[in-house]
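What the coordinates show
Below are the chains, spelled out letter by letter.
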Amino acid sequence: MRLSEATWTDAADLDTDLAVLPVGSTEQHGPHAPLGTDFLNAESIAEAGADAFDGDVVVAPTIPVGIAEEHRAFDGTLWVSPDTFRAYVRETIESLAFHGFDRVVVVNGHGGNVEALAEVCRRLSRTGDAYAVAFTWFDAVGEHSKDMGHAGPLETALLRHTHPELVREDRIDEARDGAAARWGEWVSGVNLAHDSDEFTDNGVVGDPADGDAARGEELASLAADALASLLDAVEARGRE
Ligand SMILES: [Zn+2]
């Protein structure tokens, strides 16, 4: 059940303690993909995973701005501080838990949020306010995960499957020409670059041509199945 479309009476009637909370970012995704890529993708996977799950789960509204200052050189990128982000996610989960939805899977679409989400989920679980874990969709797509870049094959393919009208296909050559092969500028295991414009001219990492809509459909199905299995485990945890 999508919380945004339910009434309060629907929410009151719902007999589940499970919720998914999509979290993304509004940030540059090269010249070809929309600024909303990370939250659109998190939302599609959260909904597909909730559909694939055999049981009731609340789909909370998507949090669209995350930790993305590393993309500040590119126009339209928005960000909040890690402190603000952690507090906002924590309090959103606390309000879900207040209504009894106290087993929460955060469905994340942005690499920059990973560390903060893990911290928030640990803290909530240790204090007993809720049991929460964070799921990042592009880490749950098997062999494909190694091709994750930024606005590269995976994210672009998923958008081609879910929101084809938002991918500027006439700019793919340009996106590929200005792209970096890998994220960061590494020396002795240290990334010397704090911001993405230090290693990519147009914001892209990887080849956005390397993933058609069929690959996007496969990614969506792999991630949705992984999320449904995770929901099974989170629902059963501690009840055996
Ligand atoms: Zn992204």
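Right above here is the structure, for reference.
Residues numbered from 1 in each chain as written. Predicted model: local features only at pLDDT ≥ 70, side-chain atom pairs only at ≥ 80, totals over all residues. Heavy atoms only, no water.

The next thing to look at is the nonpolar core. Within the largest apolar cluster, 25 residues are counted, with the highest numbers of intra-cluster contacts made by Val20, Ile45, Val105, Val107, Trp137 and Leu231. Looking at this core, the elements with two or more residues in it are β1 (18-23), α2 (37-52), β3 (103-108), β4 (131-136), α5 (153-162) and α7 (213-236). If sequence neighbours within four positions are ignored, Leu231 has contacts with Leu18, Val20, Gly49, Phe53, Val57 and Val105. (Core = buried A, V, L, I, M, F, W, Y, C linked by side-chain atoms within 4.5 Å. Buried < 20%, exposed > 50% of the residue type's maximum accessible area, 1.4 Å probe, protein only. Helix = DSSP H or I, 4+ residues; strand = E, 2+ residues; numbered from the N terminus. Contact = heavy atoms within 4.5 Å.)

Taken in spatial order, the 4 strands line up as β2-β1-β3-β4 in an open sheet, and their pairing is parallel. The open sheet terminates on both sides in strands that have one partner only, identified here as β2 (58-59) and β4. In terms of strand pairing, β1 meets β2 through 2 bridges, oriented parallel. Residue Val20 lies in a different strand from β2, and its bridge partner there is Val59. (Pairing = 2+ DSSP bridges.)

Taken N-terminus to C-terminus, the directions of α2 and α7 make an angle of 60 degrees; their axes are 8 Å apart at the nearest point. Accordingly, the angle class assigned to the pair α2 and α7 is oblique. Like other packed secondary-structure pairs, α2 and α7 cross with a definite hand, here right-handed. Across the interface between the two elements, Ile45, Ala46, Ala48, Gly49 and Ala52 of α2 pack against Ala220, Ala223, Ala224, Asp225, Leu227, Ala228 and Leu231 of α7. Of the residues belonging to the contact of α2 with α7, the class tally is 10 nonpolar, 1 polar and 1 charged. (Axes fitted to C-alpha atoms, helices over the stretch in contact; angles between N-to-C directions. Parallel < 35°, antiparallel > 145°, perpendicular 65-115°, else oblique. Left-handed = near helix turned anticlockwise from the far one by under 90°. Nonpolar A, V, L, I, M, F, W, Y, C, P; charged D, E, K, R; others polar.)

Taking 1.5 Å per residue, 16 residues should reach 22 Å; α2 reaches 22 Å between its end C-alpha atoms and fits that length. Turning to α2, its buried residues number three or more, namely Thr37, Asp38, Leu40, Asn41, Ala42, Ser44, Ile45, Ala46, Glu47, Gly49 and Ala50. (Expected span 1.5 Å × (residues − 1).)

Right, let's get into the coordination of the zinc ion. Donor atoms from the polypeptide that bind the zinc ion are His29 (NE2), Asp38 (OD) and Glu155 (OE), placed at 1.9 to 2.0 Å. Expressed as a motif, the donor residue spacing for the zinc ion is H-x8-D-x116-E. There is no split in this pair, since His29 and Asp38 are both buried. (Donors = N, O, S within 2.8 Å, 3.2 Å for Na, K, Ca; no water.)

Contact geometry of α2 with α5 gives a least axis separation of 10 Å together with a crossing angle of 60 degrees. What the angle tells us is that α2 and α5 run oblique. Between α2 and α5 the crossing geometry is left-handed. On α5, the residues touching Thr37, Asp38, Asn41, Ser44 and Ile45 of α2 are Glu155, Leu158, Leu159 and Thr162. Grouping the amino acids of the contact of α2 with α5 by side-chain chemistry returns 3 nonpolar, 4 polar and 2 charged.

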